[in-house]
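Residue-level listing of the chains:
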Amino acid sequence: MQQIRTCRQNSSRFCRQLFFDRVVRILSCGAGFISLGTLAAIFVFLLVLALPLFLEGQWGQILSLTWRPYQGHYGILPMIAGSLALSVSAFAVAYPLGLGICVFACGPGPRPLRRAVIAVITFMTAIPTVVYGFVAVFLLVPILSGALTGRSGPSLLAACLTLALLVLPTIVLFLYQTMRETEKRTRLTSASLGFSPLQALLLVVLPGSATGLRTAAIMGYCRALSDTLIPLMLAGNAPQLPTSFFDSIRTLTAHIALVVATDNSSPAFHSLFACGLLLFGMSLAVQFMIRRHDASTKPLGGKWLDLLSFLAGHRLCRTLIHVWSGTASALMLIAIGGLVVFLLRQSLPVFNTRLFFGDAPIMAAILGRAPVWDGIFAACAGTVALVALASLMAIPAGIGAGIALSQYLHGRLARALRFSANTLAGVPSIVMGLFGFSLIIFLRHTIAPEANTSLLLSAFCLALLILPYMINATAQALETLPEELRLLGPSLGMTSLQSLRRILLPAANRGILGGIVLSMGRAAEDTAVILLTGVVAQGGLPRGLLDKFEALPFTIYYLAAQYQSADDLHKGFGAALTLLVLTVLLYGGARMLRAGMENEWKK
């Protein structure tokens, strides 16, 4: 009887394990479809809200050169031209600089200096976009206005230079990684042929990194095309065709942010969703191009290889390449050094408790008993609440989807979900904000007439924005574990859930935690999404999920455009330094956790 009872208990336990294993598998696979469902929802909402313009035969007005909504002209061609002019010019500046920096970092220069250049590039990824824009408004624009152009105010040139600096890390880090891997694979071949380090770089490493060269170019251009804050703060926002670099322009992303904030009922409002559809289609096209180039391993050939052979074969050309790569690195270091020094010089004198709490009693302000009208405490609290809420929504779904991609899904379905996650990561922030705004319109016309933009909506949209980061970080952390560790659970007779819970997740926890911290940093610095979904100036501490709220990125943007006094300006610099410190800590923590995991498995 005792044996029968024991057998029944074991059978019951085994059935429970199989049941939980199946439940976890279903939940994980379900989470994997969130990114696919989000992409479909964004497309449907944008299409439905843009459709009235097409049904009413207003194609001609949309595809015209005049934007005068109060006279019935809704032409978006000037904004398309502005987006192309700014993105192409910024890319034309950033890509040669990025390539020069990579040549310097992989070249024969002093190793400490090469490491320092890459460390600065890595640091640049932690600088929020709004901080780039804020410093450029008060440093770069006066320099260009006074010394070079003689004209005052923002311009295409100011936006181009700042945007080039912003997209530089995207180009450099991807290309540098590809070139390093190629250099490791071909090191012995180059040495056996008697190439010098620079000749090996030109004749072997660069041709072998053709896929990285193309993908870095596509990613850099996509980053320049999708940015909202830089053109919004620095390009002047005049809806006109640019004729010179000193003209004021308006891009599609800035156009959406400006018009949604002031108009939500006229046909002009619907034309914004046509702009959103256009940006969404561009991001989809970019993902298809990246996927196509990733599948290609064909090295450079033809005229490009002839050009590299010519450069490697002449001493003068090699000297010019040294000068070019060193100049590119020096320009980058000067630009970032100037940004940081200028920000510290302006913000450190005011970085005290008065910056955060103003004249309010500190404890009363922290406990919410006294309002803070002249400090940034409410913006800090709003940012923390926003990041916490978005993380709570995104982390479980992201980890579940990452587990599904690495453990349960295979074949075409897995490739489709990876593609959807990567595409969602490439959707411009302003399009995600537009999706959140259209969601509110849908709720108002269906089940919730009183629905409005709020902290909850902003957190939801931010959660969708950072979800791909969590998915990719979790999947990568699990897939990079040693194969013998992945086979340990099945060899011991464990179910997939037991193997996951007791072996794989504990082993990959640093990588997953790094993804969480990285996602939190991304959520803390984004401005375009919250611009359309609930953030306000002087909103005070949020008392509930459906309240409006303040946030540090929006406070910085608002003070750059609307400051009335020196105190407002000082508050803007203090807020910029606070946000920079926060994001640097988060990004630094993420990189340390990932590096710790990689070193652990290298031992």
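What you see is a predicted model; the values in this text were computed from it and never measured.

Asker: Would you mind going over the overall build of the protein in detail, with residue names and values included?
Answerer: Looking only at helices and strands, the protein features 27 helices and two strands. For 603 residues, the compact-globule estimate of 2.2 N^0.38 gives 25 Å, and the C-alpha radius of gyration of the protein, at 26 Å, lies within 12% of that figure. A principal-axis box enclosing the C-alpha atoms of the protein has dimensions of 95 × 75 × 60 Å. Counting over 603 residues, the protein shows a buried share of 51%. A total of about 27800 Å² of accessible surface is found on the protein, and carbon and sulfur atoms cover 64% of it.

Asker: How would you explain a nonpolar patch on the surface if you had to name every residue and give the values?
Answerer: Side chains of Phe 43, Val 44, Leu 47, Val 48, Leu 51 and Leu 55 sit close together on the surface and give an oily, nonpolar patch of about 530 Å² of accessible area. Within the secondary structure layout, Val 48 lies in helix H2 (residues 34-55).

Asker: Break down the packing of aromatic side chains for me, with residues and values.
Answerer: Here the structure, examined in full by the defined rule, presents 14 aromatic pairs. With a centroid separation of 5.8 Å and an interplanar angle of 70 degrees, the aromatic rings of Phe 342 and Phe 573 are classed as edge-to-face. In this pair, Phe 342 sits in helix H15 (residues 315-347) while Phe 573 sits in helix H27 (residues 566-602), placing the two residues 231 residues apart along the sequence. Here Phe 342 matches Phe 573 in class, with each residue buried. Put simply, the rings of Phe 134, Phe 138, Phe 342, Tyr 563 and Phe 573 touch in pairs and so form one group of aromatic residues.

Asker: Account for the nonpolar core, with residues named and values stated.
Answerer: In summary, soluble globular proteins display a tendency toward joint burial of nonpolar side chains. Core analysis: the largest hydrophobic core is formed by 153 residues, its most contacted members being Tyr 132, Met 233 and Met 432. Take this core: its biggest share by element is 16 residues, from helix H8 (residues 156-192). With 27 residues, the next largest nonpolar core counts Leu 405, Leu 409, Ile 471 and Leu 504 among its residues.

Asker: Outline unusual backbone geometry, listing residues and values.
Answerer: A positive phi angle, near 65 degrees, is found at Asn 237, a position not held by glycine. Residue Asn 237 is classed as buried on the basis of its relative accessible area of 15%.

Asker: Any details on the packing of H2 against helix H20 (residues 429-445)? Residues and values, ideally.
Answerer: Packing of H2 against H20 brings their axes to within 10 Å, and their N-to-C directions diverge by 65 degrees. It follows that H2 is roughly perpendicular to H20 by the angle criterion. Taken as a pair, H2 and H20 cross one another with a handedness that is left-handed. Together, Ala 41, Ile 42, Phe 45, Leu 46 and Leu 49 of H2 and Val 431, Met 432, Leu 434, Phe 435, Ser 438, Leu 439, Ile 441 and Phe 442 of H20 make up the contact between the two elements.

Asker: Tell me about the state of the cysteines, and please be specific about residues and values.
Answerer: Within the structure shown, the criterion is met by zero disulfides. The thiol of Cys 106 is not disulfide-bonded; the next cysteine sulfur, from Cys 102, is found 6.3 Å away.

Asker: Give a detailed account of the side chain of Asp 247, specifying residues and quantitative values.
Answerer: You can see Asp 247 is positioned in the loop between helix H11 (229-234) and helix H12 (252-260). Of note is the side chain of Asp 247, whose polar atom sits 3.2 Å from the backbone nitrogen of Ser 244.

Asker: Lay out helix H19 (residues 411-426) with the relevant residues and their values.
Answerer: With 16 residues, H19 ought to run about 22 Å at 1.5 Å a step, and its terminal C-alpha atoms sit 23 Å apart, in line with that. Every buried residue of H19 is accounted for by Ala 414, Leu 417, Phe 419, Ser 420, Ala 421, Thr 423, Leu 424 and Gly 426.

Asker: How would you sum up a positive patch on the surface? Please name residues and give values.
Answerer: On the surface, a cluster of positive charge is contributed by Arg 111, Arg 115, Arg 180 and Lys 184. Listing elements by their share of the positive patch, those giving two or more residues are helix H5 (111-124) and H8. Turning to its location among the elements, Arg 111 is positioned in helix H5. Arg 111 sits in the exposed class, given a relative accessible area of 53%.

Asker: So what's going on with the UniProt feature "domain: ABC transmembrane type-1" (unreviewed entry) in the protein? Residues and values would help.
Answerer: Within this numbering scheme, the UniProt entry marks residues 80-290 and 380-590 as carrying the feature "domain: ABC transmembrane type-1" (unreviewed entry). Helix makes up 78% of residues 380-590 and strand makes up 0%, while its end C-alpha atoms are separated by 21 Å.

Asker: Give a detailed account of the environment of Ala 90, specifying residues and quantitative values.
Answerer: Of note, Ala 90 is situated in helix H4 (residues 77-106). Along the chain, Ala 90 and Met 332 lie 242 residues apart, while their C-alpha atoms are 14 Å from each other. With sequence-adjacent residues up to four places away left out, Ala 90 is seen in contact with Cys 160, Leu 163 and Ala 164.

Asker: Give a detailed account of the environment of Leu 488, specifying residues and quantitative values.
Answerer: Relative to the helices and strands, Leu 488 is located in helix H22 (residues 483-491). In sequence terms Leu 488 and Ser 226 are 262 residues apart; their C-alpha atoms lie 44 Å from each other.

Asker: Can you lay out the packing of helix H9 (residues 197-208) against helix H14 (residues 302-313) for me, pointing to particular residues and giving the numbers?
Answerer: Packing of H9 against H14 brings their axes to within 8 Å, and their N-to-C directions diverge by 165 degrees. Viewed along their axes, H9 and H14 adopt a mutual orientation that is roughly antiparallel. When you trace H9 past H14, the crossing you get is right-handed. In this structure, H9 contributes Gln 199, Leu 202, Leu 203, Leu 206 and Pro 207 to the contact, and H14 contributes Leu 305, Leu 308, Ser 309, Leu 311 and Ala 312. The residue makeup of the contact of H9 with H14, split by class, is eight nonpolar, two polar and no charged.

Asker: How would you explain the side chain of Ser 519 if you had to name every residue and give the values?
Answerer: Here Ser 519 lies in helix H24 (residues 509-525). With a relative accessible area of 2%, Ser 519 lands in the buried category. Non-local contacts of Ser 519, meaning those with residues more than four positions away in its chain, are made with Ile 466, Tyr 469 and Met 470.

Asker: Describe the pattern of salt bridges, and please don't skip the residues or the numbers.
Answerer: This model, assessed by the stated rule, comprises six salt bridges. For the salt bridge of Glu 183 with Arg 187, the shortest nitrogen-to-oxygen distance reads 3.0 Å. One end of the pair, Glu 183, and the other, Arg 187, are both in helix H8, four residues apart, so they sit about a helical turn from each other. Classification of Glu 183 as partly exposed rests on a relative accessible area of 23%. Residue Arg 187 is classed as partly exposed on the basis of its relative accessible area of 45%. A salt bridge links Asp 227 to Arg 223, with the shortest nitrogen-to-oxygen separation between them at 3.4 Å. For Arg 223, a relative accessible area of 26% translates into the label partly exposed.

What counts and what doesn't
- Residues numbered from 1 in each chain as written.
- Predicted model: local features only at pLDDT ≥ 70, side-chain atom pairs only at ≥ 80, totals over all residues.
- Heavy atoms only, no water.
- Helix = DSSP H or I, 4+ residues; strand = E, 2+ residues; numbered from the N terminus.
- Rg over C-alpha atoms; globule rule 2.2 N^0.38 Å.
- Buried < 20%, exposed > 50% of the residue type's maximum accessible area, 1.4 Å probe, protein only.
- Areas by Shrake-Rupley, 256 points an atom, 1.4 Å probe, with all protein chains shown as cover.
- Patch = residues over 30% accessible without salt bridge, like charges linked within 9 Å, V, L, I, M, F, W, Y side chains within 5 Å.
- Salt bridge = Lys/Arg side-chain N within 4 Å of Asp/Glu carboxyl O.
- Phe/Tyr/Trp six-rings, centres within 6.5 Å; stacked < 30°, edge-to-face > 60°.
- Core = buried A, V, L, I, M, F, W, Y, C linked by side-chain atoms within 4.5 Å.
- Axes fitted to C-alpha atoms, helices over the stretch in contact; angles between N-to-C directions.
- Parallel < 35°, antiparallel > 145°, perpendicular 65-115°, else oblique.
- Left-handed = near helix turned anticlockwise from the far one by under 90°.
- Contact = heavy atoms within 4.5 Å.
- Disulfide = S-S within 2.5 Å.
- Polar contact = N/O pair within 3.5 Å; in protein donor to acceptor, adjacent residues only side chain to side chain.
- Expected span 1.5 Å × (residues − 1).
- Lys, Arg positive; Asp, Glu negative; His and termini not counted.
- Charge placed at Lys NZ, Arg CZ, Asp CG, Glu CD.
- UniProt positions renumbered as here; feature names shortened; annotations may be inferred.
- Nonpolar A, V, L, I, M, F, W, Y, C, P; charged D, E, K, R; others polar.

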